[in-house]
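# Topology and contacts: notes
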Amino acid sequence: MTGGERLMTESQLDQILVAWLEEGATIAPDRIADNAVSEIATVPQERDWPDALRASFSSAPLAWAAGILALAVGIGILIGPRLIGGPTPSPDPSPSPDGGTMNLFTSEEDGYQLLIPITWAEVDSGFADARKWSGQDGELMVSYGASIFDGGAVTVCAPPGPSLNTCVQLEHGFSVPFDPQNDGVGPLSMEGWLDRCEGACPVTASNTTLDGESASQDRAVIGDLQLTYVSTYHNRRPVILYWSEPVDLAGPERIDLMRSSFRFIDPPPGSEEPFVDPTELVTYTNAEDGYELLMPRFWLEGEGTRQDPRTNEPVVGLRTFASGRGFGTRDQPALTISIGQPDGSFTVCQRACQEFVAADLQAMGQAVITIAEEFTSIPNGPIEEQGDLVLGGEVARFERPVYPSRQAFNCLGCPWMYYHLYTIHGGRPVLLAFDFWTIEFEAISTDYLTQMLESFRFLD
Amino acid sequence: VERRLVELAQHGDRGAFSEIAHVMSPRLFPVAQRILRDYHRAEDATQQTLVQIWRELPKLSDAEKFDAWAYRILVNTCYAEARKSRRRPDDLRLLETDSSTGDSAVSVADRDALERAFDRLSAEQRAVLVLQYYLDLGHPQIADILGVPMGTVKSRASAGRQALRAALEADARVGVVGRTA
């Protein structure tokens, strides 16, 4: 997330949010009320505390035990693993360079060290990627997020307050193709995040450094608090230092001292694996099913099979790759390749896996469903486009959804939409089914798709 | 919901509750679906809410406040539902729609950006935005429903709006638009 120019007014944002939230179901299935009415036939009403207590003890003693257990587990989850076990770093008692008002906090486990005011105590941040220290004259939270290759999630918080839960996980991804000069490289601006006042918050943004990394410092006063964010990336991981101080006690010197004391603790030299571009196209070879093609490296990490629901065995000739990134299909494979048998049988996996027999392309076209039926009759919905191409040297067909209008039907990324390519090779049906939204939202570049299709070849 | 029905149900009249359930279900379900962004979990949350309403109705001191009270139970149920495991393997991100809403004012790309950003908000922030923009409630009413200070409502709304704005603007900056293939 970055700050910078504002592209829409408050009113425009309001209109978009209203329109977006207007979308979606407005009709509740009758079964909800019917089921509830059936259920309350055996549910007593709670008339007062003693009655409720008696009812609970007499009718469901195990539920109480389960509830207590769930509470204990919940507390464990909320507090996080650090209080349950594992190494707990402590302030380094060695002399500090500030004349005794600071302690040097060091945690190799978390991968950094910095000076913390001696009067500040560490408190539970509530987040696995963040540590927090608090004192009467301010507090600091350090969030060191995940690699951009693992989603780049990092916790960022807003001013504290009663019942406030203003922390969110911001995700930071990478370009496809990967851009090593810009992806996961600082500074990382929090200016947009700080823009949380009615009207506009005056944010002072400046450039700084964090242990040599180019960082952004964003500062704003909200209410009686001065907020300071210093944010950047290190080793493609977002890192955010967030100070909150009472305005009347805030001063730049202390923050500067803490910031300049910050050091990343990287793994010892030699233990790092050489960087491998996850988006690079590499050759995937499936000798068993007799084909190969170029594939983004990170898709191969998600290679898998789907089970036949009847036998619980992997479907022969079928491989899935990666997860789709479009919503609705984000849990679905980005690509499914199905290689059939010489008798013309092949498996199509969409909502479920189903076996078909096809002797020609027309029959294959009847087996695949490019747009789920419920989305085909909607005004401004997707329509199907078909055409011919060559795949692996064979005459092939493609089917894909297209939107005739940018003001498209509100299906929130309709699931079960595919870019299908199919052919027949040696009597064996061959089907490539790309998750449409992976392509449409450029989780891979259009050029990659072309390269992948052009590279497809049969090994026999 | 008619006060008479509420009072009858408070005294254990299951017939009255049945009428309440059929009136409230269409009101509660769309709100749950928008907070949870999941059709089936919204169904579960709405049904749980109705049962909870039945169970706790005798504790409702003022039948006139039934609607706000019911929404509060719904939102709390959605919080609990949201904290459960993220999703079942076969769950969808589909909002089933009415065909009458075909002329959307929101582009596909905006919708994707909103959906992703909304997914990252806390359930508490989502609830505030849904109550504000879908039910068109003011901050005082939302504070009343949620049982939190109005400042909390404002903060949640502001943080939520900011995250959604950032998502939309980020998409606009990189030029991700709803292409026609």
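Residues numbered from 1 in each chain as written. Chains lettered and ligands numbered in written order. Predicted model: local features only at pLDDT ≥ 70, side-chain atom pairs only at ≥ 80, totals over all residues. Heavy atoms only, no water.

Attention now goes to the overall build of chain A. Check the secondary structure of chain A and you find 10 helices and 24 strands. Long-range pairs, those at least 24 residues apart, make up 51% of the contacts in chain A with a sequence separation of at least 6. (Helix = DSSP H or I, 4+ residues; strand = E, 2+ residues; numbered from the N terminus. Contact = heavy atoms within 4.5 Å.)

Here Arg120 of chain B shows up in helix α5 (residues 108–120). Classification of Arg120 of chain B by relative accessible area gives partly exposed; the value is 28%. As for Arg120 of chain B and Leu164 of chain B, which are separated by 44 residues in sequence, their C-alpha atoms are 9.7 Å apart. Residues within four places of Arg120 of chain B in sequence aside, it is in contact with Val168, Gln169 and Glu171 of chain A. (Buried < 20%, exposed > 50% of the residue type's maximum accessible area, 1.4 Å probe, protein only.)

Let us now look at the nonpolar core. Among the nonpolar cores identified, the biggest contains 90 residues, and Leu50, Ile53, Phe66 and Leu146 of chain B are the most heavily contacted of them. Of all the elements, helix α2 (residues 14–36) of chain B adds the most residues to this core, at 11 residues. Apart from residues lying up to four places away in sequence, Leu50 of chain B is in contact with Ile32, Ala33 and Ala36 of chain A together with Phe17, Ala21, Met24, Ser25 and Leu28 of chain B. In terms of nonpolar packing, the next biggest core, distinct from the first, is built from 29 residues, Phe321, Phe398, Tyr419 and Ile439 of chain A among them. (Core = buried A, V, L, I, M, F, W, Y, C linked by side-chain atoms within 4.5 Å.)

Another aspect to go through is helix α4 (residues 66–83) of chain B. Helix length check: α4 of chain B, at 18 residues, gives a terminal C-alpha distance of 26 Å against a target of 26 Å (1.5 Å per residue), a fit within 8%. Along α4 of chain B, the positions that sit buried rather than exposed are Phe66, Trp69, Ala70, Tyr71, Ile73, Leu74, Val75, Thr77, Cys78, Tyr79 and Glu81 of chain B. (Expected span 1.5 Å × (residues − 1).)

Attention shifts here to the pattern of salt bridges. Here the structure, examined in full by the defined rule, presents 22 salt bridges over all chains. The salt bridge involving Arg131 of chain A is made with Asp110 of chain A; its shortest N-O contact spans 2.6 Å. Here Arg131 of chain A, found in strand β5 (residues 130–135), pairs with Asp110 of chain A, found in the loop between β2 (102–107) and β3 (112–117); they are 21 residues apart in sequence, far enough to count as distant. For the pair Arg131 of chain A and Asp110 of chain A, one class covers both residues: buried. Sharing partners across several salt bridges, the network here consists of Glu10 and Asp14 of chain A together with Arg161 and Arg165 of chain B. (Salt bridge = Lys/Arg side-chain N within 4 Å of Asp/Glu carboxyl O.)

The next subject is the confidence of the model for chain A. All names here are of chain A. On average, residues of chain A carry a pLDDT of 77, and 74% of them reach 70 or more. The secondary-structure element of chain A with the lowest mean pLDDT is helix α4 (residues 61–79), recorded at 28, while strand β24 (residues 457–458) shows the highest, at 96. In the model, residues 1–6 has pLDDT below 50 throughout and makes 20 contacts with residues more than four positions away in sequence or in other chains. Under a pLDDT of 50 for its full length, residues 161–165 has, in the predicted model, nine contacts with residues more than four places off or in other chains. (pLDDT = per-residue confidence, 0-100.)

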